Every structure is written in structure tokens, then in C-alpha cells.
Amino acid sequence: MHSNTLLHPLTLRRAEPADLPGVLTLLADTAEWLHSQGVRQWPRAGFGPERIEPLIEERVLFLLDDELRLLDPEEAAPPVATIALDGHADPEFWSRADDPSAGMYVHKLAIARPWSGSGLGDALLDWAGAHVHALGLRWLRLDCAKANLRLQEYYRSRGFRHLRTVDLPHRASGALFQRPTADAAITAFRDLTVPELVIV
């Protein structure tokens, strides 16, 4: 784990409406970085509020906060990371044969650039898998950019299996991955979320 996580205690919580500007900024920064790497998975300017507000309203968007930044009321404290976890199986990707209700789906996983390489992506995926496991579901699933071979290799290294790639001309994403859920002890951050996630 990167030294940042030792020097800066982190807390995971559900996003609230007031968090929207910080989330949009983090996603826009991540999208710009992806574009600088030649990856077109997300819109270059990030996502509009109409794409993120429903995730907040449905209580399926989670944020990692740097607790030390939160102690200073004068300091803006954007999230260190975001992850959405829900039961929305994209119908263009996941078919009836996949048994879409047998798992939950990761979306909008983003780590602030100063925290890149800290292992927070790994920890958030482990957290997601543990929560889905606690709900009695078998799979943690996601889709990623068809052309982002580096990200696909990362998911493979984290125990995900590539199921197939759905090649739709109007979608940059389409590489489908899943891994079995498992109980996992998370030590990278304090978890303030409700033990049971809402399945939508």
C-alpha cells in the first residue's frame, strides 16, 4: 500500500448530493488522463451531472475521503476515489445467458491522480467483492474499453476472467470481465457504509 494511505487515513462512505461537484471533477480529471493515454472509454470532459446524480440518489455511489483534509474547513476536500456498485447489468453487454442478477456491477471506478499506484483500486474491488459476497451473489462484474489492453491486463491480474468482448460501433466499452465474490478483510480504509447494499 502506498505511503499516502499510511499518512492520510481514508474513509469510505456513500456519496451525498453535496458531493456532486467533487465527483464530477474527479471523473473529468480521470477522463482527461485516459484521453492523454489514448483511451476513449469515457467522454473527454467527464460525465454530466445527469449521469451521476441518479447514482447518488440511488445510494450506489461511494467515495473515499482523506480524513486529514476533512479536518480543515477552509480546504476543499475532493474525494480520493469513487466507485459505483449496483445491479444495473447493461443490456447491450450482458445477456440472459449471463444470469445478470447473479452479480453486481462496478462502474465509475476512479482514483485521483496523486493516489495513483497506491493500491486503492485493488482495495475498492476487494471491498466490492466482499459486499456482493455478503449479499449471497456469485459474481463481481464490470466492462471496460475494448482498446484498453493495459486496463484489461490489470483486471486479469486482479483475478477477473475475460468473458467476451461485445464490439458495438457506438460503444468504446465492451470488454466484459467477472470474478467470483469472496469475503475479504479491508485495511486500506475505514468502511462507514451500511453493511447491505441496495440492489437496483
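Quick caveat: nothing in here was measured; it's all calculated off a predicted structure.

Criteria and thresholds
Residues numbered from 1 in each chain as written. Predicted model: local features only at pLDDT ≥ 70, side-chain atom pairs only at ≥ 80, totals over all residues. Heavy atoms only, no water. Pairing = 2+ DSSP bridges. Helix = DSSP H or I, 4+ residues; strand = E, 2+ residues; numbered from the N terminus. Contact = heavy atoms within 4.5 Å. Axes fitted to C-alpha atoms, helices over the stretch in contact; angles between N-to-C directions. pLDDT = per-residue confidence, 0-100. Expected span 1.5 Å × (residues − 1). Buried < 20%, exposed > 50% of the residue type's maximum accessible area, 1.4 Å probe, protein only. Right-handed = clockwise from strand over helix to strand, strands pointing away. Salt bridge = Lys/Arg side-chain N within 4 Å of Asp/Glu carboxyl O.

**Describing the sheet that holds strand β1 (residues 10–14)**
As summarised here, the arrangement of the 8 strands in space is β6-β7-β5-β4-β3-β2-β1-β8, forming an open sheet in which the pairing is mixed. What marks the edges here is a single partner per strand, and that holds for β6 (161–165) and β8 (190–191). Bridge count for strand β3 (residues 81–86) against strand β4 (residues 103–111) is 5 bridges, and the pairing is antiparallel. Counterpart to Leu-85 in the pairing with β4 is Val-106. Across the sheet, helix α2 (residues 20–36) touches β2 (61–66), β3 and β4, and the angle it forms with β4 is around 80°.

**Considerations on the confidence of the model for the chain**
When the pLDDT values of the chain are averaged, the result is 88; 88% of them are 70 or greater. Segment residues 1–6: pLDDT under 50, and 11 contacts once partners within four positions in sequence are set aside and those in other chains are kept. Contacts from residues 196–200, a stretch scored under 50 in pLDDT, to residues over four places away or in other chains number 18 contacts.

**Things to note about α2**
The end-to-end C-alpha separation of α2 is 24 Å, in line with the 24 Å expected for 17 residues at 1.5 Å each. By the burial criterion, the buried members of α2 are Leu-20, Gly-22, Val-23, Leu-24, Leu-26, Leu-27, Ala-28, Thr-30, Ala-31, Leu-34 and His-35. Where α2 is buried, its residues touch α3 (49–57), β2, β3 and β4. One or two positions beyond α2, positive phi appears at Gly-38, with a value near 85°.

**Remarks on the pairing of strand β5 (residues 139–145)**
Burial within β5 is extensive, with 7 of its 7 residues counted as buried. Across 3 bridges, β4 lies against β5 in parallel orientation. Opposite Tyr-105, over in β5, you have Arg-141 as the bridge partner. As for the winding sense of the linkage, the β-α-β connection from β4 through helix α5 (residues 120–134) to β5 is right-handed. Pairing of β5 with strand β7 (residues 173–180) involves 7 bridges; the strand directions are antiparallel. Pairing of Trp-139 across the sheet is with Pro-180, part of β7.

**Focus: the pattern of salt bridges**
Across all of its chains, the model carries 12 salt bridges by this definition. A salt bridge links Arg-158 to Asp-126, with the shortest nitrogen-to-oxygen separation between them at 3.0 Å. With Arg-158 in the loop between α6 (149–157) and β6 and Asp-126 in helix α5, the pair connects residues that are 32 residues apart, well separated along the chain. Look at Arg-158 and you get partly exposed, because its relative accessible area is 22%. We note a salt bridge from Asp-126 to Arg-179, for which the minimum N-O separation is 2.9 Å. On the criterion of sequence distance, the pair formed by Asp-126 in helix α5 and Arg-179 in strand β7 is long-range, its members being 53 residues apart. The partly exposed category is assigned to Asp-126, whose relative accessible area is 24%. For Arg-179, a relative accessible area of 9% puts it in the buried group.

**A word on the pairing of β1**
The element β1 is largely enclosed, with a buried count of 4 among its 5 residues. Relative to β2, β1 runs antiparallel, the two sharing 5 bridges. Counterpart to Thr-11 in the pairing with β2 is Asp-65. The pairing of β1 with β8 spans 2 bridges and is parallel. Residue pairing for β8: Thr-11 is matched across the bridge by Arg-190.

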